[in-house]
Amino acid sequence: FFVISGFLMTSIVIEGLERGTFSIAGFYMARGRRIVPALVVLCAMLLMLGWFVLLPPDYKMLSSHTVYALTFLSNIEFWQEAGYFDVASHEKWLLHTWSLSVEWQFYLILPLVLWTVWRLKPGRTAQTWMMGIALAASLVSSIWVTDTKPSAAFYLLHTRAWEMLGGGLIFLLAAKGNLSNKHRRLIESTGLLLIVWTIAEFDKHTAWPGWRAMLPVAAAMLVLLAHRSSAWTGNSAAQWLGNRSYSLYLWHWPIVVALAYLDLNDNTLAVTRSEERRVGKRVSSPV
């Protein structure tokens, strides 16, 4: 998700700079229009339902987390609380908004940096060097901090930015290549197989992100580099899920918490019906 966001945001900024039509304020407004309304609806519904079903301490915590989510600071707040996979985290209805906060913080900084570099030296070459250096610095920080302060490495921007920068770098580098269809198929297949392998190999006990995150990030970068509308990425099911990605993201964790709250998280029928209702909701992608 981070890789795709970095790819799209970089393309929007760079192409706008090349056309001479890019506006930092316009960029921020466009991101806000896509992200904020659906997030506000989620928070409002949780607060409304929570008023009737949650105990006062739980409702107070939900209200506090709502403020952090709507101000895109929830990653910092949750970093100071329990880890993502701790038992207590399954009582936090808006825990998943940490990643939206990281993305928003990235969105605030990226256009300013790209615009500044463009003013100093127009063209994609300088942008590519800048993003490559920033990616390396963030990756080194991620590997080091994961070993010393894993919760900080998981939640904070400077240790996760390299994943989004990887997507941006692919956008800049893809224009330089002229890959044959055979090579594109091979690159995409390698990326997809690597994604499947990481899903099977890693679990909640895996130190994350650190160097291990390089595998799924590299996989996503390969799929983007291939730039193919294949049977895997261009079919109607994939497009249907993609159009609902933001809704799936926003609602999946509150449903997990609700099932745990009702002691139904091990009930197959309840989980299946919740998934069906969640997929049925449609909201545009956050990016």
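Residues numbered from 1 in each chain as written. Predicted model: local features only at pLDDT ≥ 70, side-chain atom pairs only at ≥ 80, totals over all residues. Heavy atoms only, no water.

Remarks on the overall build of the protein chain
Secondary structure summary: the protein chain contains 13 helices and zero strands in total. Mapped in sequence order, the helices and strands of the protein chain form the string α-α-α-α-α-α-α-α-α-α-α-α-α. For the protein chain, with 287 residues in total, the buried portion stands at 44%. Within the structure as shown, the protein chain displays about 15300 Å² of accessible surface, and the carbon and sulfur contribution to it stands at 66%. (Helix = DSSP H or I, 4+ residues; strand = E, 2+ residues; numbered from the N terminus. Buried < 20%, exposed > 50% of the residue type's maximum accessible area, 1.4 Å probe, protein only. Areas by Shrake-Rupley, 256 points an atom, 1.4 Å probe, with all protein chains shown as cover.)

Digging into the nonpolar core
Counting residues in hydrophobic clusters, the biggest one holds 60 residues, and the most contacted among them are Leu39, Met131, Tyr246 and Leu250. Broken down by element, the residue count for this core peaks at ten residues, all from helix 5 (residues 97-120). (Core = buried A, V, L, I, M, F, W, Y, C linked by side-chain atoms within 4.5 Å.)

Let's talk about the environment of Ala219
Relative to the assigned elements, Ala219 resides in helix 10 (residues 214-226). Judged by its relative accessible area of 0%, Ala219 is buried. Linking Ala219 and Leu194, residues 25 residues apart in sequence, is a C-alpha distance of 5.7 Å. Apart from the residues lying within four places of it in its own chain, the contact partners of Ala219 are Gly191, Leu194 and Ile195. (Contact = heavy atoms within 4.5 Å.)

A look at the packing of aromatic side chains
Taken as a whole and assessed by the stated rule, the structure comprises 15 aromatic pairs. Pairing Phe1 with Tyr249 gives two aromatic rings, centres 6.1 Å apart and planes at 10°, and the pair type is stacked. Placement of Phe1 in the segment before helix 1 (2-19) and of Tyr249 in helix 12 (residues 245-261) is noted, with a sequence separation of 248 residues between them. In this structure Phe1 comes out as partly exposed when scored by relative accessible area, which is 45%. (Phe/Tyr/Trp six-rings, centres within 6.5 Å; stacked < 30°, edge-to-face > 60°.)

Focus: helix 12
Compared with an ideal rise of 1.5 Å per residue, which puts 17 residues at 24 Å, helix 12 spans 25 Å between its outermost C-alpha atoms and is within 8% of the ideal. If you look at helix 12, its biggest bend is around 30°, right at Trp251, and the proline Pro254 turns up within four residues after that. Taken residue by residue, helix 12 has Tyr246, Ser247, Leu248, Tyr249, Leu250, Trp251, Trp253, Pro254, Ile255, Val257 and Leu259 as its buried positions. After helix 12 finishes, the residue Asp263 shows a positive phi value of roughly 60°. (Expected span 1.5 Å × (residues − 1). Bend = angle between axes of the 7 residues up to and from the residue.)

Structural notes on the packing of helix 9 (residues 181-201) against helix 10
At a minimum axis distance of 8 Å, the contact between helix 9 and helix 10 shows a crossing angle of 155°. When the axis of helix 9 is compared with that of helix 10, the two are roughly antiparallel. Crossing of helix 9 over helix 10 shows left-handed handedness. The residues of helix 10 that touch helix 9, namely those facing Arg184, Ile187, Glu188, Thr190, Gly191, Leu192, Leu194, Ile195, Trp197 and Thr198, are Leu215, Pro216, Ala219, Ala220, Leu222, Val223, Leu225 and Ala226. For the contact of helix 9 with helix 10, the residue count by class is 13 nonpolar, three polar and two charged. (Axes fitted to C-alpha atoms, helices over the stretch in contact; angles between N-to-C directions. Parallel < 35°, antiparallel > 145°, perpendicular 65-115°, else oblique. Left-handed = near helix turned anticlockwise from the far one by under 90°. Nonpolar A, V, L, I, M, F, W, Y, C, P; charged D, E, K, R; others polar.)

What to know about the confidence of the model for the protein chain
Here the protein chain averages 88 in pLDDT, while 88% of its residues score no lower than 70. Within the protein chain, no element has a lower average pLDDT than helix 13 (residues 268-280), which sits at 49, and none a higher one than helix 5, at 97. Predicted confidence is poor over residues 277-285, with pLDDT under 50, and the contacts of this stretch with residues over four places away or in other chains come to 26 contacts. (pLDDT = per-residue confidence, 0-100.)

A look at helix 3 (residues 56-70)
Between the first and last C-alpha of helix 3 there are 21 Å, a value that for 15 residues agrees with the 21 Å anticipated at 1.5 Å per step. Residues of helix 3 that are buried: Tyr59, Leu62, His65, Thr66 and Ala69. Seen end-on, helix 3 carries its buried residues on one side only, within an arc spanning 125°. The exposed residues of helix 3 that point more than 90 degrees off its buried face are Pro56, Pro57, Lys60 and Val67. Structurally, helix 3 contributes buried residues whose contacts are with helix 2 (24-53), helix 4 (74-79) and helix 5. Positive phi shows up at Phe72, right after helix 3, with a value of about 55°. (Arc of directions from axis to C-beta.)

Some words on the packing of helix 1 against helix 5
Packing of helix 1 against helix 5 brings their axes to within 10 Å, and their N-to-C directions diverge by 30°. In terms of orientation, helix 1 lies roughly parallel with respect to helix 5. In this structure, the crossing between helix 1 and helix 5 has a hand that is right-handed. Residues Phe2, Ser5, Gly6, Met9, Thr10, Val13, Ile14, Leu17 and Glu18 of helix 1 form the contact with helix 5, whose participating residues are Trp98, Ser99, Val102, Glu103, Phe106, Tyr107, Leu110, Pro111, Leu114, Trp115 and Trp118. A per-class count over the contact of helix 1 with helix 5 returns 14 nonpolar, four polar and two charged.

A closer look at the environment of Thr146
Structurally, the position occupied by Thr146 is in helix 6 (residues 124-148). Distance in space between the C-alpha atoms of Thr146 and Thr159 is 8.6 Å, their sequence separation being 13 residues. If we ignore the near neighbours within four places in the chain, the residues touching Thr146 are Ala153, Ala207, Trp208, Pro209 and Gly210. In terms of polar contacts, Thr146 uses its side chain to reach the backbone carbonyl oxygen of Ser142, at 2.5 Å. A distance of 3.0 Å separates a polar side-chain atom of Thr146 from the backbone nitrogen of Gly210. (Polar contact = N/O pair within 3.5 Å; in protein donor to acceptor, adjacent residues only side chain to side chain.)

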